[in-house]
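Inside the fold
Here is how the chains run, residue by residue.
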Amino acid sequence: MIRVFPTLEELAQDAAKLICQVAGERIQKSGRCTIALSGGQTPKTLYNFLASDLYRDRINWSQVEIFFSDERSVPPDHADSNYRMAWELMLSRLPMAKGQIHRMKAEQTDLSAAAADYQVEIANRFGISPEGPPPSLDIIILGMGGDGHTASLFPGTEVLQENQKWVSVGQGGSPKSGRMTLTVPLLNAAKQILFLVSGSEKESALKSVLAEEGDPFRYPARLIRPNSGELIWFVDVKAMDEDSQGREK
């Protein structure tokens, strides 16, 4: 499903409403909701809304567990840290205990070991073996770059072909750097995936990602196709054709 909005603010508000709804349903059904956050520019507006007076009290945050889709190889207080961005815009403003927030420790020298540790941490929170199939997170929030990457799954990189590990090491970005990232198997196991895309610089990549045919290793966001969950694209008109305004399909 694709939802197209006139502005980034309207996009983010609609995504916030859906997250509140899904989180409430999951908490009522199972007693908790698991959410993976992403970095990038577009999700920032969403995080501000979720922590605002308008939306904060719509979710029982004491029953939410936060994970991350990816992280740069920087300390958690670094300006480029996805954790720092999420903490400053949202997490620090929510009534959550430290143990509910599971950041990727990508500042460690051995990124492969850090990725394996994060996989174990996820498995422990779900009470399953880290050697088996990935768990189903309730909500995963993703963005997309102008090159079609999502999380830290960059075009032409080896991690795109990973089919066993839930968490692995990627390379990419500008400047190019090491990353930790959730892999395609874990992402596609999610119950609900929200793709947030805004900006005219992403129009070409978005068109290729949404096309019926194309090379997924050139545009990694094409690889995200939930096994049995729901995928919704939240897109502003700058990233779509002008005549797409107000369209949902």
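Residues numbered from 1 in each chain as written. Predicted model: local features only at pLDDT ≥ 70, side-chain atom pairs only at ≥ 80, totals over all residues. Heavy atoms only, no water.

1. Re the layout of surface pockets
In this structure, the largest pocket spans a volume of roughly 750 Å³. As for the largest pocket, its lining consists of 35 residues, and the residues nearest its centre are Gly39, Gly40, Gln41, Arg72 and His149. Counting residues per element, the ones that place at least two in the lining of the largest pocket are helix H2 (42-50), strand S4 (70-72), helix H3 (82-89) and strand S7 (177-182). Tallying contributions element by element places H2 first for the lining of the largest pocket, with three residues. Of the residues belonging to the lining of the largest pocket, the class tally is nine nonpolar, 18 polar and eight charged. The calculated volume of the second largest pocket comes to roughly 210 Å³. Taken together, 13 residues make up the lining of the second largest pocket; nearest its centre are Ala115, Ala116, Gln119, Lys165 and Val167. (1 Å grid on protein atoms, 1.4 Å probe; cavity = no way out; pocket = protein on both sides within 12 Å on 5 of 7 lines; lining within 4 Å. Points joined across faces, edges and corners; volume = space filled by probe spheres on them. Helix = DSSP H or I, 4+ residues; strand = E, 2+ residues; numbered from the N terminus. Nonpolar A, V, L, I, M, F, W, Y, C, P; charged D, E, K, R; others polar.)

2. Re the packing of aromatic side chains
Tallied over the entire structure, the rule returns six aromatic pairs. Ring geometry for Tyr83 and Trp87: centres 6.2 Å apart, planes at 20°, overall stacked. Remark: Trp87 and Tyr83 occur in helix H3; sequence separation between them is four residues, near one turn of the helix. Accessibility expressed as a relative area gives 17% for Tyr83, which makes it buried. By the ring-pair criterion, three or more aromatic residues cluster together here, those being Phe68, Tyr83 and Trp87. (Phe/Tyr/Trp six-rings, centres within 6.5 Å; stacked < 30°, edge-to-face > 60°. Buried < 20%, exposed > 50% of the residue type's maximum accessible area, 1.4 Å probe, protein only.)

3. Quick look at the pattern of salt bridges
This structure, assessed with the given rule, holds eight salt bridges. A salt bridge links Arg56 to Asp53, with the nearest nitrogen and oxygen atoms 2.5 Å apart. The exposed category is assigned to Asp53, whose relative accessible area is 64%. A network of salt bridges, in which partner residues are shared, links Arg26, Asp138 and Lys191. (Salt bridge = Lys/Arg side-chain N within 4 Å of Asp/Glu carboxyl O.)

4. What to know about H2
Counting buried positions along H2 yields seven of nine residues, so the element is predominantly enclosed. Of all the residues in H2, the buried ones are Thr42, Pro43, Thr45, Leu46, Tyr47, Phe49 and Leu50. Those residues of H2 that are buried are in contact with helix H1 (8-30), strand S2 (33-37), H3, strand S5 (139-143) and strand S8 (192-197). (Contact = heavy atoms within 4.5 Å.)

5. A short note on the packing of H2 against H3
It is the contact of H2 with H3, at a shortest axis distance of 9 Å, that shows an interaxial angle of 35°. On H3, the residues that touch Lys44, Tyr47 and Asn48 of H2 are Met85, Ala86 and Leu89. Counted by class, the contact of H2 with H3 contains four nonpolar, one polar and one charged residues. (Axes fitted to C-alpha atoms, helices over the stretch in contact; angles between N-to-C directions.)

6. Quick look at the state of the cysteines
According to the stated counting rule, one finds zero disulfides in the structure shown. Sulfur of Cys20: no disulfide; nearest cysteine sulfur belongs to Cys33 and is 10 Å away. Look at Cys33 and you get buried, because its relative accessible area is 0%. (Disulfide = S-S within 2.5 Å.)

7. Here we look at H3
Among the residues of H3, Asn82, Tyr83, Met85, Ala86 and Leu89 are the ones counted as buried. Projected down its long axis, H3 carries its buried residues within an arc of 165°, all on one side. Along its buried surface, H3 packs onto S2, H2, strand S3 (64-68) and S4. In this structure Ser81 caps H3, since a side-chain oxygen of it lies 3.2 Å from the backbone nitrogen of Tyr83. (Arc of directions from axis to C-beta. Polar contact = N/O pair within 3.5 Å; in protein donor to acceptor, adjacent residues only side chain to side chain.)

8. Thoughts on the nonpolar core
With 84 residues, the main nonpolar core has Leu37, Leu46, Phe68 and Trp233 as its most contacted residues. By residue number, the principal contributor to this core is H1, which donates ten residues. Aside from chain neighbours lying at most four places away, what touches Leu46 is Ala12, Ala15, Ala16, Ile19, Ile141 and Leu196. (Core = buried A, V, L, I, M, F, W, Y, C linked by side-chain atoms within 4.5 Å.)

9. Observations regarding the sheet that holds strand S6 (residues 167-172)
Overall, antiparallel pairing links the three strands, which are arranged S4-S7-S6 in an open sheet. Each of the sheet's edge strands pairs with one partner strand only, and the pair in question is S4 and S6. Between one strand axis and the next, the sheet turns through 25° on average, direction left out of account. Pairing geometry for S4 and S7, over three bridges, is antiparallel. Its bridge partner lying in S7, Arg72 is registered against Arg179. (Pairing = 2+ DSSP bridges.)

Note that every value here comes from positions in space, so none of it alone points to a role or purpose.
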